Amino acid sequence: MTNTLGSAMTRIDEFDYELPTERIAQTPLADRSASKLLIDRGSRAAEHRTVAELDQILQPGDLLVVNDTKVLAARLFARRPTGGRTEVLLLEPVGPAAVALQSDVSEWEVLVKPSKKVAPGTALTFDDEPDLHITIGEDLGEGRRRARIESSSLETALLRAGEMPLPPYITETLADPARYQTIYANEPGSAAAPTAGLHLTDDLFGRLAAQDIGLARVELVVGLDTFRPVSVERLDEHQMHSERYRVPHETMAALETARRVVAVGTTTVRALESAARFGPEGGTDLFIRRPFEFGVVDLVMTNFHMPKSTLLVMIDALVGPRWRALYAEALTSDYRFLSFGDAMLLDRTAP
């Protein structure tokens, strides 16, 4: 059962807005930190800055927390025995990703397209990667399937045969796959990037440290809910899928002494608030929506999200209905939206 607090009468239509197609960023900026940053000031007028100015915006004693998960080249195009083409997206392994990536045989949860044409027991092969074999298993619903993967080194096979799992709204080819990774990505396993972190650079980290602004890490493995739209009318009927998270001991200790906790991205928020409720490591299906009592996070740096998404529902829980005014101002001011777009800094305590 999904862990959630909220009104049973809240409807997903409350989180809709008009997003013109031309406002969806198709490519990242050449300079990561040059992205615009809309500063939430509560009842006061929002400010227009850039991510590169973050060291001038945050305060000494603040703690910036990032999600250091690493995106796998998890999108694969295989052949069925009939010769038909099948797309497979690796979502998460049964067990730790680090073990699965180095094992000869591993079990995964995957998305398969077209799932209806792939019967349980179907063996998939790869034209350019003879060392990779996938046998599709039982149907788990919503396009998800169990899969058995055989390879002498799955991590190496994915580097050769896999593609970055870019969101479907990005239609242009990504010239440099590294631009869909944060510079601090460390733990492989995610099917999508924690995109708010794509703006951060080593130079910015150095300037933040010089201002006595701390840096800490968490890991949350990004999975199905990033790809899956909300398909129900009432939010209490939406089932969040569990995602693995880990908040290291040193991060837990840093949270205790931080002046303010600044989460980079919604995945970091979910990891931190889950750790406060369920412990520093495990699986979480926490659905953050209003009314929600935040126990850890004070500010959130995040990109602009899709209409009617669980991520936008979280933003509403953080700052209430003023998200609409902030989104409207961003659209009026030519901000770029979604994964490769600009960012905003939200303050849940702003008067």
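It should be noted that the structure appears before, not after, this text.
Residues numbered from 1 in each chain as written. Predicted model: local features only at pLDDT ≥ 70, side-chain atom pairs only at ≥ 80, totals over all residues. Heavy atoms only, no water.

Chemist: Is there a simple way to explain the overall build of the chain in this structure?
Modeler: In terms of helices and strands, the chain carries eight helices and 19 strands. Taking 2.2 N^0.38 as the reference for a compact globule, 351 residues should give roughly 20 Å; the C-alpha atoms of the chain span a radius of gyration of 20 Å, in line with that estimate. Projected onto its principal axes, the C-alpha positions of the chain cover 60 × 45 × 40 Å. A separation threshold of at least 6 residues defines the contact pool for the chain, and within that pool the share at least 24 residues apart is 73%. (Helix = DSSP H or I, 4+ residues; strand = E, 2+ residues; numbered from the N terminus. Rg over C-alpha atoms; globule rule 2.2 N^0.38 Å. Contact = heavy atoms within 4.5 Å.)

Chemist: How should I be thinking about the nonpolar core in this particular structure?
Modeler: The nonpolar side chains of soluble globular proteins are, as a tendency, buried together. By size, the foremost hydrophobic cluster in this structure holds 50 residues, and its most contacted members are Leu272 and Phe337. Of all the secondary-structure elements, those providing two or more residues to this core are strand 4 (63-67), strand 13 (214-220), strand 15 (261-264), helix 6 (266-278), strand 17 (287-288), helix 7 (310-319), helix 8 (323-332) and strand 19 (343-347). Element by element, the count of residues in this core is highest for helix 7, at seven residues. Contacts of Leu272, omitting those with residues within four sequence positions, involve Val65, Val218, Leu255, Val261, Ala263, Val296 and Val297. Listed in part, the 27 residues of the second largest apolar core include Leu89, Leu101, Val110 and Ile136. (Core = buried A, V, L, I, M, F, W, Y, C linked by side-chain atoms within 4.5 Å. Buried < 20%, exposed > 50% of the residue type's maximum accessible area, 1.4 Å probe, protein only.)

Chemist: What should I look at first to understand the pattern of salt bridges in this one?
Modeler: Opposite charge on two side chains permits pairing when their charged atoms draw close. Inspection of every chain in the model, using the stated rule, returns 26 salt bridges. Between Arg290 and Glu14 there is a salt bridge; the shortest N-O distance is 3.0 Å. Taken together, the residues Arg290 in the loop between strand 17 and strand 18 (299-303) and Glu14 in the loop between strand 1 (4-5) and strand 2 (36-39) connect sequence positions 276 residues apart. The class for Arg290 is partly exposed, based on a relative accessible area of 31%. Assessed through its relative accessible area of 33%, Glu14 is described here as partly exposed. The salt bridge partner of Glu219 is Arg246, with a shortest N-O separation of 3.7 Å. Separated by 27 residues along the polypeptide, Glu219 in strand 13 and Arg246 in strand 14 (residues 243-246) bring together distant segments of the chain. (Salt bridge = Lys/Arg side-chain N within 4 Å of Asp/Glu carboxyl O.)

Chemist: What should I look at first to understand the environment of Leu312 in this one?
Modeler: Inspection of the secondary structure assignment puts Leu312 in helix 7. On the basis of relative accessibility, which here comes to 0%, the residue Leu312 falls in the buried class. Placed 250 residues apart in sequence, Leu312 and Asp62 show a C-alpha to C-alpha distance of 25 Å. The contact partners of Leu312, leaving out residues within four places of it in the chain, are Phe15, Tyr17, His305, Met306, Pro307, Trp323 and Tyr327.

Chemist: What should I look at first to understand unusual backbone geometry in this one?
Modeler: Glycine aside, residues mostly have negative phi, and peptide bonds are mostly found in the trans state. Omega for the peptide link from Lys113 to Pro114 comes to -5°, which places this bond in the cis form. Take Pro114: it is sitting in the loop between strand 8 (105-113) and strand 9 (123-124). Backbone geometry at Asp212 places phi at a positive 60°, although glycine is not the residue there. Note on placement: Asp212 falls in the loop between helix 4 (202-210) and strand 13. The backbone of Asp334 shows a phi angle near 65°, a positive value even though the residue is not glycine. Along the chain, the position of Asp334 falls in the loop between helix 8 and strand 19.

Chemist: How should I be thinking about helix 7 in this particular structure?
Modeler: Of all ten residues that make up helix 7, nine are buried, and the element is covered over most of its length. Looking only at helix 7, the buried set comprises Thr310, Leu312, Val313, Met314, Ile315, Asp316, Ala317, Leu318 and Val319. Buried residues belonging to helix 7 abut helix 6, strand 17, strand 18, helix 8 and strand 19. Gly320 sits one or two residues past helix 7 and shows a positive phi near 75°.

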